[in-house]
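Read off the chains here:
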Amino acid sequence: GVSSCQPASRLRSNSAMSLPLLLLPLLAAAERSEPSVANGQLTPPDLPFPPMPSDAIIGPTLADSVNRWPPKRQPLRKDAPNIVVIMNDDVGYGAPDTFGGPIHTPTLSKIASHGVTYNRFHTTAICSPTRASLITGRNSHHVGAGQITEAASGFPGYTGTIPKSAATMAKVLSEYGYDTAAFGKWHNTPIDNLFKSGPFDQYPTGLGFRYFYGFIAGETSQYEPRLFENTNPIEPPRTPEEGYHLTEDMANQAINFIRSNRALTPDRPFFIYFAPGGTHGPHHVHKEWADKYKGKFDMGWEKLRNITYQKQKAMGWIPASTELPPIEEFMQKWEEIPENEKAFQLRLMEVYAGYLEHTDTQDGKVIEELERQGLFNNTLVIYILGDNGASAEGFHGTIDELLTENSLPNTAQQQIEVMDRDFGGLDALGSKVVDNMYHSSWAWALDSPFKSTKLVAAHFGGTRTPMVMSWPKVIQHDPTPRSQFHHVIDVAPTVYEAIGIKFPQHVEGMQQMPLDGVSMVYTWNNATAEGRKSAQYFEVMGSRGIYKDGWFASVLGPRIPWAATNETRMKEWSPDTDVWELYDLSKDFSQAKDLAAQMPEKVAKMKEIFMVEATQNKVLPIGAGLYTIYYHPEEGPHSPLTEWNLHEGMTRIAESNAPGYHSRQSSLSTIDVDLPENGSGVLFCVGGTSAGFSVYFDKGYLYAEYMATLLYRYIAKSTQPVAAGKHKIQVRLIYPKSESLYPPADLTLFVDGANVGWVKVEKSIRLVFDASETFDVGMDLGAPVSLSYAERAPFKFNGKIELLNVKYINGTSVPRDVVV
């Protein structure tokens, strides 16, 4: 790269030639005020910048010398904008009332009223890949993020590790002098890196952010989240009973960051990446927010979808010619829901609506702080409504979303019965005691006017999301939607052009791969500008699509997110026999008319283009995203250990790096304890509200509880209280040979070699107990596993644990040191 020590006149000449015209007046004003500052768009330097040379005069003695600090490098224009990128989670295109939907989104409306809107903006259809694309400006597979981190594999496009050759926006902007911070969900750290000792290079702070506050997982409880500050696991500052809610906490933390920046480093602009976990499951929000929507959805999902569609057309958000596709195959119709289940389904939707309004309101608190500080006028705000479409993972409506992830059988009626029996009925929905998600057909309705939902890369219900941008100092408000085809990879190039820098060729000595995205600056003050994105591929777990110059060809893929897993379909699936669809997007906004049968030659050409893009971006082999999550879970990221020696007080051990109690993982856990009279408390546990395994004492009785979600609880209890004193406690979990997806197990308790309790675990957890809950020794941090001690959590053991030994064993044998 060219050093920033070039003559100022040369730098100004270069920048004037390459900055967009709309930014030239700002540049000229800055140059007039500070002609010696390196303003504007530089020939890309290598990062980090070299140290500035010293101006000190060095003589033989201090008397002959003059102390002068090196001048401070000024690589940015004096008026470089602050950058705030907001991205919510799992929100449907048709959800916000800003654009015709049923849910109040005042912050989205506010940003839209100050800037410009985009109605053909796209994500990847799933969270980790979208987030990797956003922060790097490259396609997800290109940077190893073709699947969520929990389902990573050894195929280059699916490793879950962002390479050093793909420096993030945060890294580049930090080197240019920005204060950078990320708040909220971070789903781009390999799960086998989640140790207190690191490595930390794939944490937010390792990828360029100077500060991070949030959670490192796909989801977490909004009331009892597993938080991190920078690289350190921390506990929430308040309890749910004290009114704590994670999204509110994150907004307050972002506000504190802005205030600190203004108070202590006002010369630095800032970049904030604000990514709340809302509205990903579990749908957690305080009752008063859900109550705002009582009765608002009584018409059912088909009518809701049609009402939204009509409003979208009437306000010009979608073309008047847009057609509304019919309900999806295998998706339940509202008329098919039994009357005694409708109250459950309606309340789930009311809770979700309150959750989205609440999330958008917290987004707004950050914007309000910009206004209070007088910063809003010179802040580029990019508000992406969702990282993908609305989620169908709630299936038939659920009080425990991990049922779907672990392929456990369930019905809505079964869940209603558990909700009424254990949690007091409908008021439990949205609270900390359940992990609820709405029916998949609500997700479809909120994706109006498109087909499909999250996890489908073939249809815009999975990939298209509203996006708005404002920068009052530069962008003139225009209510006309920008209809150029764009993608989340285009955000980083837009930010770089707005700031006036080019992406570096080298960062920390590593040659950088080119950006895959294109800047959207050209659209800011020209609604009808010709689009600059010619092609864009999409792929998630075999669902795939290709955009090329107004045409779109796609394949649904082997998985149907709103239907039960079809084992035959999954086992027999081959990309070579997939049936492709074809759409002319210049005439068909919603992919309502499949032209594949009429235009086979066009389909063939589009398939060729997809393969070129797939090869260049490391998408191949097609279906690699399914390899560890479905076909070979045993080859997914997990601890290589088969035996652990753990000690009291060891907590926040990631489930992926801890002893496993999942299906087919037979184990023997041995705990040497010194038990007081009527001893109580957790010896060890893993998981949380959604599912988990806990071994604990309560009033002297020994318990082991295997919770295969809220629907399937199995508890072994000792026949007598255990006397005070030193004991060897053993918990044996044996999985006999079984072909079931959720095989049974025998759970047996031993005290000093004697069998004291047993229970049959009829259904086990196949993949994961919880997305963010951890393994704890001597207590149960976060959301408690067991209802038996939920009100006493963390239920710290009141005796002493000398040692916990866990080892995997042959499921058909009995360890010699255990007397049955």
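A brief look at the structure comes next. The shown structure was predicted, so the numbers you read here are calculated from the model rather than taken from an experiment. (Residues numbered from 1 in each chain as written. Predicted model: local features only at pLDDT ≥ 70, side-chain atom pairs only at ≥ 80, totals over all residues. Heavy atoms only, no water.)

Here we take up the overall build of the protein chain. Regarding its fold elements, the protein chain presents 17 helices and 29 strands. Computed over C-alpha atoms, the radius of gyration of the protein chain comes to 28 Å, within 12% of the 28 Å expected from 2.2 N^0.38 for 820 residues, which places it in the range of a compact globule. For the protein chain, the C-alpha atoms occupy an extent of roughly 85 × 85 × 50 Å along the three principal directions. Counting across all 820 residues of the protein chain, residues that qualify as buried make up 62%. (Helix = DSSP H or I, 4+ residues; strand = E, 2+ residues; numbered from the N terminus. Rg over C-alpha atoms; globule rule 2.2 N^0.38 Å. Buried < 20%, exposed > 50% of the residue type's maximum accessible area, 1.4 Å probe, protein only.)

A separate point is the sheet that holds strand β23 (residues 701–707). Spatial ordering of the open sheet is given by β19-β28-β21-β22-β23-β24, a layout of six strands whose pairing is antiparallel. Edge positions in the sheet fall to β19 (653–654) and β24 (713–717), since each of these pairs with one other strand and no more. Here strand β22 (residues 692–698) pairs with β23 via seven bridges, running antiparallel. Bridge pairing in β23 links Y696 to Y703. (Pairing = 2+ DSSP bridges.)

It is worth spelling out the pairing of strand β25 (residues 725–734) at this point. Of all ten residues making up β25, seven are buried, and the element is well covered by its neighbours. Bridge count for strand β20 (residues 667–675) against β25 is nine bridges, and the pairing is antiparallel. Its bridge partner being in β25, L668 is matched across the sheet by R732. Direction of pairing for β25 relative to strand β26 (residues 745–751): antiparallel, over a ladder of six bridges.

Turning our eyes to something else, we now look at the pattern of salt bridges. All told, the structure shown has 35 salt bridges when counted by the stated rule. Among the salt bridges present, the one from K342 reaches E339, with a minimum N-O distance of 3.0 Å. In this pair, K342 and E339 are both assigned in helix α9 (residues 339–372), three residues apart and thus about one turn of the helix distant. E339 sits in the exposed class, given a relative accessible area of 61%. When salt bridges that share partners are traced, they join K287, D291, K294, R347 and E350 into one network. (Salt bridge = Lys/Arg side-chain N within 4 Å of Asp/Glu carboxyl O.)

What follows deals with helix α11 (residues 412–423). Between the first and last C-alpha of α11 there are 15 Å, a value that for twelve residues agrees with the 16 Å anticipated at 1.5 Å per step. What α11 keeps buried is the set A412, Q415, I416, V418, M419 and F423. Viewed end-on, α11 has its buried residues packed into an arc of 165°, placing them on one side of the element. Tucked inside the fold, the buried residues of α11 contact α9 and α10 (402–405). Trailing α11 by a residue or two, G424 shows a phi angle of about 85°, which is positive. (Expected span 1.5 Å × (residues − 1). Arc of directions from axis to C-beta. Contact = heavy atoms within 4.5 Å.)

Ranked by size, the top nonpolar core spans 167 residues in total, and within it L683, F693, Y706, L747 and F775 carry the most contacts. The biggest single contributor to this core is α9, with twelve residues. Those residues in contact with L683 that lie beyond four places of it in its chain are I671, V673, V695, Y696, F697, L702, I729, D776, V777, G778, F797 and I801. Residues L194, I382, V521 and W524 belong to the second largest nonpolar core, which totals 60 residues. (Core = buried A, V, L, I, M, F, W, Y, C linked by side-chain atoms within 4.5 Å.)

Let us now look at the packing of aromatic side chains. Applying the stated criterion to the full structure yields 41 aromatic pairs. Each ring, one from F183 and one from F257, has its centre 6.0 Å from the other, and the planes form 70°; the classification is edge-to-face. Of the two residues, F183 sits in strand β4 (residues 179–186) while F257 sits in helix α6 (residues 246–264), which places them 74 residues apart along the sequence. In this structure F183 comes out as buried when scored by relative accessible area, which is 1%. Ring-pair connections join several aromatic residues into one group, and the members of that group are Y93, F99, W317, F450, F460, F485, F538, Y547, F552 and F589. A cation sits over an aromatic face here: R464 above F460, 3.9 Å from the ring centre. (Phe/Tyr/Trp six-rings, centres within 6.5 Å; stacked < 30°, edge-to-face > 60°. Lys NZ or Arg CZ within 6 Å of the ring centre and 35° of its normal.)

Here T265 shows up in the loop between α6 and β8 (270–275). Excluding its chain neighbours within four sequence positions, the residues that come into contact with T265 are D179 and S260.

With that settled, consider the layout of surface pockets. Of the voids in this model, the second largest pocket is the one considered here, and its volume is about 680 Å³. Taken together, 25 residues form the lining of the second largest pocket, with Q74, G177, D267, R268 and P269 sitting closest to its centre. Split into classes, the residues belonging to the lining of the second largest pocket amount to nine nonpolar, five polar and eleven charged. (1 Å grid on protein atoms, 1.4 Å probe; cavity = no way out; pocket = protein on both sides within 12 Å on 5 of 7 lines; lining within 4 Å. Points joined across faces, edges and corners; volume = space filled by probe spheres on them. Nonpolar A, V, L, I, M, F, W, Y, C, P; charged D, E, K, R; others polar.)

Bringing the sheet that holds strand β5 (residues 211–216) into the picture now. Ordered by their spatial adjacency, nine strands build an open sheet running β2-β10-β9-β1-β8-β4-β5-β6-β7, and the pairing between neighbours is mixed. Where the open sheet ends on each side, the last strands, each with one partner, are β2 (116–118) and β7 (232–234). For this sheet, the mean inter-axis angle between neighbouring strands, taken without regard to orientation, is 15°. By the bridge criterion, six bridges tie strand β1 (residues 82–87) to strand β9 (residues 379–384) in an arrangement that is parallel. Looking at the pairing, I83 lines up with L380 of β9. Its contacts with the sheet place helix α3 (residues 106–114) against β2, β9 and β10 (467–470), and it is angled at close to 55° to β10. Helix-sheet contacts for helix α14 (residues 491–499) involve β1, β9 and β10, and the interaxial angle to β9 is about 170°. (Axes fitted to C-alpha atoms, helices over the stretch in contact; angles between N-to-C directions.)

What follows covers the packing of α3 against α9. Relative to each other, α3 and α9 sit at 45°, their axes nearing to 7 Å. One element, α3, and the other, α9, form an angle in the oblique class. Contacts between α3 and α9 involve P106, T107, L108, K110 and I111 from the former and D360, T361, D363, G364, I367, E368 and E371 from the latter. Of the residues assigned to the contact of α3 with α9, the class counts are four nonpolar, three polar and five charged. (Parallel < 35°, antiparallel > 145°, perpendicular 65-115°, else oblique.)

To continue, consider the packing of α9 against α11. It is at 10 Å that the axes of α9 and α11 come closest, and there the two elements cross at 70°. The angle between the axes of α9 and α11 places the two elements in the roughly perpendicular class. Taken together, the residues of α11 that come into contact with α9 (itself represented by N340, E341, F344 and Q345) are A412, Q413, I416 and M419. Considered class by class, the residues forming the contact of α9 with α11 number four nonpolar, three polar and one charged.

Turning next to unusual backbone geometry. Here the bond from L47 into P48 is cis, since omega is 0°, no more than 30 degrees from zero. Its location among the elements puts P48 in the loop between α2 (24–33) and β1. A cis amide bond links G281 with the next residue in sequence, P282, at an omega value of -5°. Tracing the backbone through its elements, the reader meets P282 in the loop between β8 and α7 (287–291). Even without a glycine there, the phi angle at S407 is positive, about 55°. Looking at the secondary structure, you find S407 in the loop between α10 and α11.

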